[in-house]
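# Overview (structure and organization)
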Amino acid sequence: MTEKQKKLLVENPAEFLKSCWYHNQWIKLKLEEIRHYRDIAESITAEIKEVTTFGLTPSCKVENCVVEIVSIQEMLQERVKELRSDLDAVQEAINLLEDETQILLMDARYVRHMNWEEIAILISCSYRWTLRLHGQALKKISEKAMLIHV
């Protein structure tokens, strides 16, 4: 975990833990964009040539779509690396907790991105108690991170 991440974890643990959610949302948008370009490419009726060239300025719509898809895929690969790194940091933060129920709750919320109702069922608690446990867990993570950060 970087010093910047540790500082954010101490100051705003919820925001730190949400970092994976932001990555996931961005990745979902880019995957949707790839689907869009694939739909465009597949809907175009063009004569398929044996040899296609992918220059700096593609000359047909299919090539334009392929170039966009490849570009998005490269961005996705980089973002997935960042997501893996952030997932490791989030898991490290969650592991600061000692209470198994809180660990399960935080994992369900910030790693598996479950909604509060699903989490309440998972940990066999009421909705309100789930939210209270979440608040307690955030406070404990912040306190323990402060001790590590100092």
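Residues numbered from 1 in each chain as written. Predicted model: local features only at pLDDT ≥ 70, side-chain atom pairs only at ≥ 80, totals over all residues. Heavy atoms only, no water.

### A few points about the overall build of the chain
For the chain, the helix and strand inventory stands at seven helices and zero strands. Listing every helix and strand of the chain by position from the N terminus yields α-α-α-α-α-α-α. A total of 150 residues make up the chain; the buried ones form 33% of that total. Contacts in the chain between residues far apart in sequence, at least 24 positions, make up 64% of those at least 6 positions apart. When the accessible surface of the chain is split by element, carbon and sulfur atoms take 55% of a total near 10100 Å². (Helix = DSSP H or I, 4+ residues; strand = E, 2+ residues; numbered from the N terminus. Buried < 20%, exposed > 50% of the residue type's maximum accessible area, 1.4 Å probe, protein only. Contact = heavy atoms within 4.5 Å. Areas by Shrake-Rupley, 256 points an atom, 1.4 Å probe, with all protein chains shown as cover.)

### Digging into helix 4 (residues 61-94)
In this model, helix 4 (34 residues) spans 47 Å end to end at C-alpha, consistent with the 50 Å of a helix rising 1.5 Å per residue. Every buried residue belonging to helix 4 is among E63, C65, I69, I72, L76, L83, D86, A89, V90, A93 and I94, and all of these are buried. (Expected span 1.5 Å × (residues − 1).)

### Digging into the environment of S43
By secondary structure assignment, the location of S43 is in helix 3 (residues 19-43). Taking the C-alpha atoms as reference points, S43 and V62, separated by 19 residues in sequence, lie 9.4 Å from one another.

### Notes on the packing of helix 3 against helix 4
Where helix 3 contacts helix 4, the two axes come as close as 9 Å, and the packing angle between them is 165 degrees. By the angle between their directions, the pair helix 3 and helix 4 is classed as roughly antiparallel. In this structure, helix 3 crosses over helix 4, and the sense of that crossing is left-handed. Among the residues making up the contact of helix 3 with helix 4, the classes are represented as 19 nonpolar, four polar and seven charged. (Axes fitted to C-alpha atoms, helices over the stretch in contact; angles between N-to-C directions. Parallel < 35°, antiparallel > 145°, perpendicular 65-115°, else oblique. Left-handed = near helix turned anticlockwise from the far one by under 90°. Nonpolar A, V, L, I, M, F, W, Y, C, P; charged D, E, K, R; others polar.)

### Some thoughts on helix 1 (residues 3-11)
Those residues of helix 1 that fall on the buried side of the exposure criterion are Q5, K6, L9 and V10. The buried side chains of helix 1 occupy one side of the element, clustering within an arc of 135 degrees when seen end-on. Facing away from the buried side of helix 1 by more than 90 degrees, the exposed set consists of K4 and E11. (Arc of directions from axis to C-beta.)

### Regarding the side chain of H134
Topologically, H134 is positioned in helix 7 (residues 127-149). The class of H134 is buried, set by a relative accessible area of 10%. Excluding residues that lie within four positions of it along the chain, H134 makes contacts with L105, M106, Y110 and W116.

Any functional reading would require information beyond the geometric quantities listed.
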